[in-house]
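# Residue-level structural notes
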Amino acid sequence: MAQPDTFSYGPHELQKVHVYRAQEGGQGALWVIYIHGGAYRDKDILADSFSKTYEILNKHPMIHNNVAAFASIDYRLSPHPNSPQDPVKTPKSRLRNAMHPDHLNDVQAALKVLQEKYAFQDQYVLVGHSVGATMSFQAVMNKVQGADPTSIASPKPRAVVGVCGIYDLRLIRNDFKEIQIYDEFLKGALGPDEELWDRISPGKVADSDGVASGWQNGQLAVLANSTGDLVVNKHQADVMVKILEQWKSLVEGRDVVELYDLREGHDDVWQKGEELANVIITTIKRLARNKDIAC
Ligand SMILES: N[C@@H](CC(=O)c1ccccc1NC=O)C(=O)O
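Residues numbered from 1 in each chain as written. Predicted model: local features only at pLDDT ≥ 70, side-chain atom pairs only at ≥ 80, totals over all residues. Heavy atoms only, no water.

## Here's the deal with the site of the ligand
Near the ligand lie 14 residues; those nearest to it are Ala39, Arg41, Asp42, His80 and Ser130. Between Asp42 and the ligand, the recorded distance is 2.8 Å, taken from a side-chain N or O atom to a nitrogen atom. Burial of the ligand by the protein amounts to 88% of the accessible area it has alone, namely 410 Å². A majority-of-atoms criterion places the ligand in the largest pocket. (Near = heavy atom within 4 Å. Polar contact = N/O pair within 3.5 Å; in protein donor to acceptor, adjacent residues only side chain to side chain. Areas by Shrake-Rupley, 256 points an atom, 1.4 Å probe, with all protein chains shown as cover. 1 Å grid on protein atoms, 1.4 Å probe; cavity = no way out; pocket = protein on both sides within 12 Å on 5 of 7 lines; lining within 4 Å. Sits in = over half its atoms within 2 Å of the grid points.)

So this is what it looks like as structure tokens:
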């Protein structure tokens, strides 16, 4: 397995970013930056969950020609009832007690450190899985309620890819009302104020705070969903695509790609890596094809 370089962007053990250089002699300029899911709280789904996908991608000639490096972001997590910690005995740097906006502020801080180190500007693709997809599209909103406005990603990415993503937080809870974990993980990470959930849902905010007005340099949005995903349903992509159609209609040359033919289970998409890698390859091909259309 490839060993990434790891950089800290804060004192917590989860405030780290992993960087994997593309193959020796790679000629690309693009960065691919991954935000993992895990319901904001799963201590077993972290930045290294991108490793398998990286291994697959790194053998692909398309990557050699277009990608400079990959990064995968860890961010502080919220408590999980199945892995309790003693708040007195656990050092602060290991405590999983993050609440919105901590997760998103961490992602923004990681992007900032990457920019300071590598200065790739807007030559990057932000890829998120599940709640990582929520944060990927939050990163291109104009304003996310509660989040630090000075920390909003600058510059924003050229392309955003949401894989098995959650874009309307209240809707997913309501769609799975009988299953307690949805309400539990959302309240555990975001608090009980459901109006706040609405104001931070990238598939719900249609006013000037949202993705349509906020993502001015964007060229390509990709939504990927799997028929084998039993925990995130297609309603989520349906709401997000409406916002993205609005975004697309504002500037000529913007592109929205819907890939709804994945087959793997929610976590197998990244765990096996094949389908996540394919989605990223499709994205990079599209970007290369659309290169002549200015940003
Ligand atoms: N493994 C997670 C569950 C999880 O990841 C999840 C469950 C339902 C819907 C979305 C999920 N993850 C999104 O990031 C947990 O232990 O809570």
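From this point, things continue past the structure.
## Quick word on the packing of aromatic side chains
Under the definition given, this model contains 13 aromatic pairs. Here Tyr34 and Phe50 contribute two aromatic rings whose centre-to-centre distance is 5.0 Å and whose plane-to-plane angle is 25 degrees, an arrangement assigned as stacked. Of this pair, Tyr34 sits in strand β3 (residues 30–35) while Phe50 sits in the loop between β3 and α1 (51–57), placing them 16 residues apart in sequence. For the pair Tyr34 and Phe50, a shared accessibility class is recorded, and that class is buried. For the ring pair Phe120 and Tyr124, a centre distance of 5.3 Å and an interplane angle of 70 degrees mean the geometry is edge-to-face. One aromatic cluster is present, built from ring pairs that chain together Phe7, Trp31, Tyr118, Phe120 and Tyr124. (Phe/Tyr/Trp six-rings, centres within 6.5 Å; stacked < 30°, edge-to-face > 60°. Helix = DSSP H or I, 4+ residues; strand = E, 2+ residues; numbered from the N terminus. Buried < 20%, exposed > 50% of the residue type's maximum accessible area, 1.4 Å probe, protein only.)

## Brief notes about helix α11 (residues 274–289)
Here α11 is 16 residues long and its end C-alpha atoms lie 22 Å apart, about the 22 Å a rise of 1.5 Å per residue gives. Of all the residues in α11, the buried ones are Glu275, Leu276, Ala277, Val279, Ile280, Ile281, Thr283, Ile284 and Leu287. (Expected span 1.5 Å × (residues − 1).)

## Comments concerning the nonpolar core
Among the nonpolar cores identified, the biggest contains 62 residues, and Trp31, Ile33, Phe137, Val211 and Leu244 are the most heavily contacted of them. Looking at this core, the element that brings in the most residues is helix α9 (residues 235–250), giving 7 residues. Leaving out residues up to four positions away in the same chain, Leu244 has contacts with Phe137, Val211, Ala221, Leu223 and Val256. Counting residues in each nonpolar core, the second largest holds 35 residues, with Leu259, Val269, Trp270 and Ile284 among its members. (Core = buried A, V, L, I, M, F, W, Y, C linked by side-chain atoms within 4.5 Å. Contact = heavy atoms within 4.5 Å.)

## Quick word on the pattern of salt bridges
Tallied over the full model, the rule gives 16 salt bridges. Salt-bridge contacts for Asp86 lead to Lys89; the nearest nitrogen and oxygen are separated by 3.9 Å. Arg286 is paired through a salt bridge with Asp255; the nearest N and O atoms lie 2.9 Å apart. Of this pair, Arg286 sits in helix α11 while Asp255 sits in strand β8 (residues 255–262), and the two are 31 residues apart along the sequence. What makes Arg286 partly exposed here is its relative accessible area of 23%. Take Asp255: its relative accessible area is 13%, and that puts it in the buried class. Several salt bridges share partner residues, and in doing so they unite Arg170, Arg173, Asp183, Lys187, Glu194 and Asp198 into one network. (Salt bridge = Lys/Arg side-chain N within 4 Å of Asp/Glu carboxyl O.)

## Remarks on the UniProt feature "active site" (unreviewed entry) in the chain
Mapped onto this structure's residue numbering, the UniProt feature "active site" (unreviewed entry) falls at Ser130, Asp229 and His266. These annotated residues cover 137 residues of sequence, but their C-alpha atoms sit close together, with the largest distance between any two at 10.6 Å. The annotated residues that sit in the lining of the largest pocket are Ser130 and His266. Secondary-structure assignment places Asp229 in the loop between β7 (220–226) and α9. Classification of Asp229 as buried rests on a relative accessible area of 8%. When neighbours within four sequence positions are excluded, Asp229 is seen to be in contact with Cys164, Glu264, Gly265 and His266. Following the sequence through the fold, His266 ends up in the loop between β8 and α10 (268–271). Overall, the relative accessible area of 12% leaves His266 in the buried class. Beyond its immediate stretch of four places on either side in the chain, His266 contacts His129, Ser130, Cys164, Gly228, Asp229, Val231 and Val232. (UniProt positions renumbered as here; feature names shortened; annotations may be inferred.)

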